[in-house]
Each structure stands twice: as structure tokens, then as C-alpha cells.
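For reference, the chains in residue letters:
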Amino acid sequence: MNQPISRPVVLDYWCELQCPDCRASLDDLRALRARYGDTLDIRLRHFPLPKHKYAYAAAQAAEEAWAQGTGWPYAEAVLARAGELGKRGEPLLVEIAVEVGMDGEEVDTALIDGRHLLAVDADQAEGEAIGVTGTPTYVIDGQRLDGGKSQEGLRERIEEIVDRLR
């Protein structure tokens, strides 16, 4: 008798890499990863906000990080320095890339040639279509959980949904 194929539960994490609220949500993401491992697929979705000058460039650099196999380490490193990003801009994005083991020149080139613009734009358009207005916003099992005002209770709500779906 064949066992059914178990697919991971998908959590879309709409994020802006210059957002202090997204930075604050990192502990929750780490806790979710630690609790569920491969049974929860947390997908970074880009939602750069116009009020943050380098958010769009950071989203493009993060896409290059995924292409180079260091998506989450890069995204977390950028979020950890979100305040500094506002002051230092794109040179910081390249510096962080090198720090996490990426090809910094390739990141710089990706920011110049715009190879990841469509992916970032597609995420933003999808976010707008489903009602994302700020970050962080989580979407799991068709439910949108907005974390921009408060992270209070969101991880517990996500855990309840994941536990039910598993």
C-alpha cells in the first residue's frame, strides 16, 4: 500500500527588506522553521514599499541570492541591517552578499541589468491583488494575517493553521 505523498504546508511571507517590522518578525520565522522543518515551506514574497528608498533594490538582490543558493541567509542578513540600509544603500547590499558567501560582483551586475525586476514586480502585483497593504503579511491556507501593526499572536495563529493542515 502506497503512502500518500506529504507536501509541505506553504506560508507566503510578504516582506520588505528595509522594513523594521519585518526585521522584528525574524524571530517568529526562525521559531517556525525550528518547529516544523521541511514540513513548512516559508516562501519569501517581495512587497517593497515606496517609503523605503532601497527596498526595491534589496528585493532584486534577494532574488539574486536565491539564484546563488543563499536566499534565506541573505534575506535575514539584510533585514538584520535594515536601518543601515537606509543610509548606505546598494553598496551595503553587495557587502552583505559577500559576507554570506555570494558573488558580490554578480549581485552588483544584477542590480544594474535588472534581471530580477519581473520577479519582484510579479510578487508585488500578486500581493496587491490579494490585499497586501503592508509588511510583514503572512498568507497560509488562503488566510491573510497582517503583521504590520503587531506581531502579537501571529506565530501562534500560524502554528494552529499548520498543525491543522499537517
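Everything that follows concerns the structure shown earlier in this document.
Structural notes, computed from the coordinates. Only a predicted model underlies this, so the values are computations on that prediction, with no experimental measurement involved. (Residues numbered from 1 in each chain as written. Predicted model: local features only at pLDDT ≥ 70, side-chain atom pairs only at ≥ 80, totals over all residues. Heavy atoms only, no water.)

## Section: unusual backbone geometry
Quick reminder of the rule: Per the convention used, a helix needs a DSSP run of H or I reaching at least four residues, while a strand needs a run of E reaching at least two, with both numbered from the N terminus. The classification of residues rests on relative accessible area computed with a 1.4 Å probe and restricted to protein chains. Under 20% of the type maximum is buried, over 50% is exposed, and intermediate values are partly exposed.
Following Thr-135, the chain continues to Pro-136 via a peptide bond in cis, the omega torsion being -5°. Secondary-structure assignment places Pro-136 in the loop between helix H8 (117-129) and strand S3 (137-140). For Asp-141, which is not glycine, the phi torsion reads 50° and is therefore positive. When you line up the elements, Asp-141 lands in the loop between S3 and strand S4 (143-146). For Asp-141, a relative accessible area of 41% puts it in the partly exposed group.

## Looking at H8
Here is the rule we go by: What a helix should span is 1.5 Å times the count of its residues minus one. Arc definition: directions from the helix axis to the C-beta atoms.
When the terminal C-alpha atoms of H8 are compared, their 18 Å separation across 13 residues agrees well with the 18 Å that a helix rising 1.5 Å per residue should span. When we look at burial in H8, the residues that qualify are Val-120, Asp-123, Gln-124 and Gly-127. Looking straight down H8, one finds that the buried residues subtend no more than 95° of arc, so they occupy a single side. Away from its buried face, by an angle of more than 90 degrees, H8 presents the exposed residues Leu-118 and Ala-129. One or two steps after H8, the chain reaches Gly-131, where phi turns positive at roughly 95°.

## Let's talk about the environment of Thr-109
Locating Thr-109 in the fold gives a position in helix H7 (residues 104-113). Once the C-alpha coordinates of Thr-109 and Gly-134 are considered, the two residues, 25 residues apart in sequence, prove to be 29 Å apart.

## Overview of the packing of aromatic side chains
This is how the line gets drawn: Ring pairs are drawn from Phe, Tyr and Trp, using the six-membered ring of Trp, whenever the two centres fall within 6.5 Å, and their geometry is named by plane angle: stacked under 30 degrees, edge-to-face over 60, tilted for the rest. The criterion for a charge sitting over a ring is simple: Lys NZ or Arg CZ within 6 Å of the ring centre, and within 35 degrees of the ring normal.
Counting across every chain of the model gives 3 aromatic pairs. Between Trp-66 and Trp-72, the ring centres sit 5.8 Å apart and the planes meet at 80°, which makes this aromatic pair edge-to-face. Sitting over the face of the ring of Trp-72, Arg-33 holds its NZ or CZ atom 4.5 Å from the ring centroid.

## Observations concerning the packing of helix H2 (residues 26-36) against helix H4 (residues 71-80)
Under the convention used in this document: Whenever a helix is involved, its axis is fitted only over the stretch in contact; in every case the axis is a line through C-alpha atoms, and angles between N-to-C directions fall within 0 to 180 degrees. Throughout, the term roughly parallel applies to angles under 35 degrees, roughly antiparallel to angles over 145, roughly perpendicular to angles from 65 to 115, and oblique to all others. A crossing counts as left-handed when the near helix is turned anticlockwise from the far one by less than a right angle, and as right-handed when that turn is clockwise. Should any heavy atoms of two residues lie within 4.5 Å, those residues are counted as being in contact. Residue polarity is assigned by list, with Asp, Glu, Lys and Arg as charged and Ala, Val, Leu, Ile, Met, Phe, Trp, Tyr, Cys and Pro as nonpolar; anything else, Gly included, falls into the polar class.
Following both chains from N to C, one finds H2 and H4 inclined at 155°, their axes separated by 11 Å at the closest point. Classified by the angle between their axes, H2 and H4 sit roughly antiparallel to one another. Crossing hand, H2 versus H4: left-handed. Contact residues: H2 offers Leu-26, Leu-29, Arg-30 and Arg-33, while H4 offers Trp-72, Glu-76, Leu-79 and Ala-80. Tallied by class, residues from the contact of H2 with H4 come to 5 nonpolar, no polar and 3 charged.

## Some details on the pattern of salt bridges
The condition is simple: Salt bridge, as used here, is a side-chain nitrogen of Lys or Arg placed within 4 Å of a carboxyl oxygen of Asp or Glu.
Across all of its chains, the model carries 22 salt bridges by this definition. Of the charged contacts in the structure, one is a salt bridge between Glu-76 and Arg-30, with a shortest N-O distance of 3.1 Å. With Glu-76 in helix H4 and Arg-30 in helix H2, this residue pair connects regions lying 46 residues apart in the sequence. Across the pair Glu-95 and Arg-88 runs a salt bridge whose closest N-O atoms are separated by 2.5 Å. Exposure remark for Arg-88: the relative accessible area of 33% places this residue in the partly exposed category. Several salt bridges share partner residues, and in doing so they unite Asp-12, Arg-43, Arg-45, Asp-123 and Glu-126 into one network.

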